[in-house]
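One-letter residues, chain by chain:
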Amino acid sequence: MKKMYWFFCFGLAIMASCSSDDDQSAVTDTDDNTQKEIISPIDLSDYDNGSGVMMQTFYWDVEPRGEWWTNLSGKIDDWAESGVDRLWLPVATKGASGGYSMGYDPSDYFDFGEFDQHGTVETRFGSRQELETLIGKAHGKGLEVIADIVINHNSGGGEEYNPYRDKNTYTLFDELHGNASGMFNRNFENFYPNSTSNYDNGSLFYAEQNLDHNQEYVQNWLWKSENSVAKYYKNVMGFDGWRFDYVLGYEPWVVKAWLDEVGGFSVSELWDGNADVLSQYVDQTGSGVFDFATFYKLEEAMDRFDDLTVLEGKMLWKTHPDKSVTFAANHDTEKDENEDNRIADENKLKAYAYILTHPGYPTIFYSDYENEAFKAPLKQLIQIHNSLAIGEAEVLYVDNDEYIMKRGGTDDNPGLILYINTSGNTKKRTIKSAWNNSYLMDYTKSVHGSITSDENGEALIEAPANGYSIWSIARVN
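Here we summarise the structure given alongside this text.

Cut-offs and rules
- Residues numbered from 1 in each chain as written.
- Predicted model: local features only at pLDDT ≥ 70, side-chain atom pairs only at ≥ 80, totals over all residues.
- Heavy atoms only, no water.
- Helix = DSSP H or I, 4+ residues; strand = E, 2+ residues; numbered from the N terminus.
- Rg over C-alpha atoms; globule rule 2.2 N^0.38 Å.
- Buried < 20%, exposed > 50% of the residue type's maximum accessible area, 1.4 Å probe, protein only.
- Contact = heavy atoms within 4.5 Å.
- Areas by Shrake-Rupley, 256 points an atom, 1.4 Å probe, with all protein chains shown as cover.
- Lys, Arg positive; Asp, Glu negative; His and termini not counted.
- Charge placed at Lys NZ, Arg CZ, Asp CG, Glu CD.
- 1 Å grid on protein atoms, 1.4 Å probe; cavity = no way out; pocket = protein on both sides within 12 Å on 5 of 7 lines; lining within 4 Å.
- Points joined across faces, edges and corners; volume = space filled by probe spheres on them.
- Nonpolar A, V, L, I, M, F, W, Y, C, P; charged D, E, K, R; others polar.

With that out of the way, let us pick up the overall build of the protein. The secondary structure content of the protein amounts to eleven helices and 22 strands. Its C-alpha atoms give the protein a radius of gyration of 25 Å, near enough to 23 Å, the size a compact globule of 477 residues would have. The principal-axis extent of the C-alpha atoms belonging to the protein is close to 95 × 40 × 35 Å. Relative to its full complement of 477 residues, the protein shows a buried share of 57%. Within the protein, counting contacts between residues at least 6 apart in sequence, those at least 24 apart form 64% of the total. Surface exposure of the protein reaches about 19100 Å², of which carbon and sulfur atoms provide 45%. Treating the 38 positive side-chain charges of the protein as one cloud and the 78 negative ones as another, the clouds have centres 2 Å apart.

The next subject is empty space enclosed by the protein. Evaluated as defined, the whole model comprises one cavity of 30 Å³ or more. For the largest cavity, the calculated volume is near 60 Å³. Val91, Ala92, Thr93, Pro106, Tyr109, Asp148, Ile149, Val150, Val229 and Tyr233 together form the lining of the largest cavity. Elements with a minimum of two residues in the lining of the largest cavity: strand 7 (144-149) and helix 5 (229-237). Taken together, the residues that form the lining of the largest cavity break down as eight nonpolar, one polar and one charged.

Here's what the structure looks like:
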């Protein structure tokens, strides 16, 4: 981190400020006989708090089919420049729906778009070569690539008689039946129920093709052997980490065993808004989890109940900040017909302002970033997150339509103050900061000009109607 210099102004009697459309600078006259002072923002690129954000690189039923890997390759430069440090890719292998599959109906774990099965060679996203090009380009920009791992259920196998169900089931996966790679062939003996395991009542998807992780054969192919899914994806394809799909469908020890074997960044999809449930799972597995507790608190605070005091409730980031993967939207929430399972567009940026200033590891949803109305504000929020969002989080004030939170910063980093306002009017409130006798500015540029704090760090900050501002110190030129 570069050595930074803090700029303070003492003994101010009168201050008049005005804003510039270009650089948010303010001009101050302290005396008729003195030179005018130029107040401007600190350069956020001089502050690196060591954090980044993850980009979810897809939405449901992406288009154009067959070109998605190439599309993503064209966006890597922009994402890297904006402060993204990980890419969460969609399920990269062939699903039962062939060229229409989003990958959540896994058939062949080793067909990355090179075998002719299920009516196509390429996956919905493109060819293996295009995927490898994408991964290589991401690595060249210093970005990790996260694989979406679906190991609860399978789909697209051949029909065979299943003695444990006393009927035919589609549980035959071999070179002629949905597993052209010939790696990890399966039959009815590898799915619940079988000769060693009873029916697993945790299967909500493809119950007849629900993998039995207790079997040594299945464990070997998923994570233990040198040609296992985990090791092949890591050592051959170049994936750096894992997003585990639908972990409610199998036991926590599975994820722990996978991570003990191959390591890497991981986040599990445990769709539960109870922070205690999420916390217990983290303790059992060592994996990060998507912080659905924070997601639902944001939805309740800004949509359902329109009451920001909800944000005082339990969230995973409050107990496990290093394992909380926060988000404001994903491919599932955005297509959910239940409005309580998604955050309304008019509140999206306020939700992003929350997760990008609080502890936790934020995820940006592809469709939100590509939304022209959101893109510039998201870029600014990511820059603020990667620079000033550091130090202990402390809520300074909260009521039904105002929420003010301070990040304490460090000796070399001033930190920030977030002010969210969900009312229809501009709000102002005096708060106590750690910045004594200092010029302050809003780094979202929602509030123009500068303000000053007194000798006790008190300052009158402002947030626009139905919006947010993020304050930190300014410098004097």
